[in-house]
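What follows is the residue order along each chain.
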Amino acid sequence: MTKYKIIFDRKVCIGSGACTSVCPENWELVEKNGEFKAKPKKLEISEEEYTSNAEAAAICPVECIQIEKIKTKKRMIDEDHSDADDEEDDEDLD
Ligand code: SF4
């Protein structure tokens, strides 16, 4: 199940290859116009894949890998329920 999202700033990557050494299952170096840059195989990862990808993020010398937890979407309460009065708290300051 997808739990985390990888945010990768390719422009910042210097192609050191550190991420590919600690997490080869998701990171590879790809050459483009004579320049090597990392490339994630996937941007959404599971809990099991988190540890090695987090190592890749931690070892990256230019910190261009970030991992964000995907939050569960909560259902918003329908505002048509007008029974509940939203009273603002009045602060009485003497
Ligand atoms: S460790 Fe960082 S700079 Fe090095 S290849 Fe991976 S993403 Fe690029």
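Residues numbered from 1 in each chain as written. Predicted model: local features only at pLDDT ≥ 70, side-chain atom pairs only at ≥ 80, totals over all residues.

**Student:** Would you explain the sheet that holds strand 5 (residues 65-69) in this entry?
**Tutor:** Hydrogen bonds between backbone atoms are what pair the strands of a sheet, whose relative direction is either parallel or antiparallel. If you trace the three strands from one edge of the open sheet to the other, you get 4-1-5, paired in antiparallel fashion. Either end of the sheet is taken by a strand with one partner, and the two such strands are strand 4 (44-46) and strand 5. Strand-to-strand twist across the sheet, computed as the mean angle between neighbouring axes with direction ignored, equals 35 degrees. Two elements, strand 1 (residues 2-8) and strand 5, share five bridges in a ladder whose sense is antiparallel. (Pairing = 2+ DSSP bridges. Helix = DSSP H or I, 4+ residues; strand = E, 2+ residues; numbered from the N terminus. Axes fitted to C-alpha atoms, helices over the stretch in contact; angles between N-to-C directions.)

**Student:** Please clarify how the site of the ligand should be interpreted in this entry.
**Tutor:** Around the ligand sit 13 residues, and of these Cys13, Ser16, Cys19, Ala38 and Cys60 come closest. Of the residues belonging to the shell around the ligand, the class tally is ten nonpolar, three polar and no charged. (Near = placed C-beta within 6 Å. Nonpolar A, V, L, I, M, F, W, Y, C, P; charged D, E, K, R; others polar.)

**Student:** How do you make sense of the nonpolar core when you look at a structure like this?
**Tutor:** Most often, soluble globular proteins keep nonpolar side chains buried together rather than apart. Core analysis: the biggest nonpolar cluster contains twelve residues, these being Ile6, Phe8, Cys13, Cys19, Cys23, Trp27, Ala38, Ile45, Ala56, Ala57, Cys60 and Ile65. Broken down by secondary-structure element, the contributors of at least two residues to this core are strand 1 and helix 2 (47-59). Aside from chain neighbours lying at most four places away, what touches Cys60 is Ala18, Cys19 and Ile65. (Core = buried A, V, L, I, M, F, W, Y, C linked by C-beta atoms within 7 Å. Buried ≥ 20, exposed ≤ 12 C-beta atoms within 10 Å, placed from the backbone. Contact = placed C-beta atoms within 7 Å.)

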